[in-house]
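A closer look at the structure
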Amino acid sequence: MSAASIHRISVIDSHTGGEPTRVVTGGGPDLGAGPLAERRTKFQREFDRFRSAIANEPRGSDAVVGALLCDPIDVSCAAGVIFFNNVGYLGMCVHGTIGVVVTLAHLGHIRAGTHRLETPVGVVTAALHPNGTVSVENVPCHRVRKDVTVKVPGIGSVTGDVAWGGNWFFLVEYLGDDLCLANVEALTDRCWRIRQSLNAAGLAEVDHIELFGPPTVGGAHSRNFVLCPGKAYDRSPCGTGTSAKLACLAADGKLAEGETWIQEGILGSTFIGTFRRDGEKIRPTITGTAYINGESTLLLDDRDPFCWGIHP
């Protein structure tokens, strides 16, 4: 094997509430120095095979969210970041941002304090606390439509809210008693059917489905199950999903500005959420913890038939 035929990508792996983040620290594609939204488009148009190689099997999995570190345009930002997963690109990822902050601290690039990060959907602020937790102030969020009803084959009529939490969500109250890890396959099937029906009905922008019900962890207000665009479920309570939930609660007058909401995920891990008003929208702040669990170099050999990932 010739060393010249190998492309090396340096990554640091972490998880936030059980949900993995893979931060690319070196060897990623050269996207230039334009706005992050333009660089994300260039990533997708010209270098999408890097996304697949990093996030998909045999090196990754359906649950991995990748985060490509970039030089920010805004010099007040500690870094720029583009998030991606097994099937495409994300506007914002709160659990991933928590992972990025902990990774930057692990590398010695930042210390405890407040830091700004540039994303394709805007600048977000993240505070690294002395105890290792991270609070991310997300982009402005809002509910777009309330009580949208869609007919879902094999299920019947399903009603939920459409909200923007940094990604597009359809949030559905789930009254069953089986919102638990043991029923992931059934919950995945339900959410996938709902998404397909929403898309068929013209709500093509919705790519995250969130079921929510009673909590099982003491102190929590709700438990959720979130299905991501690539049909993988979110192991964490989902930061953008929690942001979308806060937007719905705020719109209904069920949560006041500055009041705490504790969101439990399907694994029992929790995020703490609050919000402040931002005109007609809200600015959620989500607090969680990430743990570094790996440093590695991915090796890409063009002679390998699965060099650029296994995908449909």
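Along helix α1 (residues 36-46), the residues classified as buried are Leu36, Arg39 and Phe43. The arc that holds every buried residue of α1, seen down its axis, measures 60°, which confines them to one face. Among the exposed residues of α1, those oriented more than 90 degrees off its buried face are Glu38 and Arg45.

Along the chain, His95 falls in helix α3 (residues 94-106). Exposure remark for His95: the relative accessible area of 2% places this residue in the buried category. Discounting chain neighbours no more than four positions away, the residues touching His95 are Thr16, Glu19, Pro20, Thr21, Val65, Ser236 and Phe271.

Moving on to α3. End to end, α3 covers 18 Å across 13 residues, agreeing with the expected 18 Å (1.5 Å per residue, within 8%). For α3, the tally of buried residues reaches 11 of 13 residues, placing the bulk of the element in the interior. Of the residues making up α3, those classed as buried are Val94, His95, Gly96, Thr97, Ile98, Gly99, Val100, Val101, Val102, Thr103 and Leu104. Downstream of α3 by one or two residues, Gly108 has phi in the positive range, about 85°.

This next bit is on the packing of aromatic side chains. Here the structure, examined in full by the defined rule, presents six aromatic pairs. With a centroid separation of 5.5 Å and 75° between ring planes, the pair formed by Phe43 and Phe84 is classed as edge-to-face. In this pair, Phe43 is assigned in helix α1 and Phe84 in strand β4 (residues 79-84), connecting sequence segments 41 residues apart. Exposure class is identical for Phe43 and Phe84. Each is buried. Ring centres 6.3 Å apart and planes at 65° place the aromatic pair Phe47 and Phe50 in the edge-to-face group. Looking at Phe50, the relative accessible area reads 9%, which means it is buried. An aromatic cluster is defined as three or more aromatic residues linked by ring pairs; in this entry it consists of Phe43, Phe84 and Tyr89. The ring centre of Phe212 lies 3.3 Å from the NZ or CZ of Lys245, which sits over that ring.

Conventions and cut-offs
Residues numbered from 1 in each chain as written. Predicted model: local features only at pLDDT ≥ 70, side-chain atom pairs only at ≥ 80, totals over all residues. Heavy atoms only, no water. Buried < 20%, exposed > 50% of the residue type's maximum accessible area, 1.4 Å probe, protein only. Helix = DSSP H or I, 4+ residues; strand = E, 2+ residues; numbered from the N terminus. Arc of directions from axis to C-beta. Contact = heavy atoms within 4.5 Å. Expected span 1.5 Å × (residues − 1). Phe/Tyr/Trp six-rings, centres within 6.5 Å; stacked < 30°, edge-to-face > 60°. Lys NZ or Arg CZ within 6 Å of the ring centre and 35° of its normal.

By themselves these figures say nothing about function.
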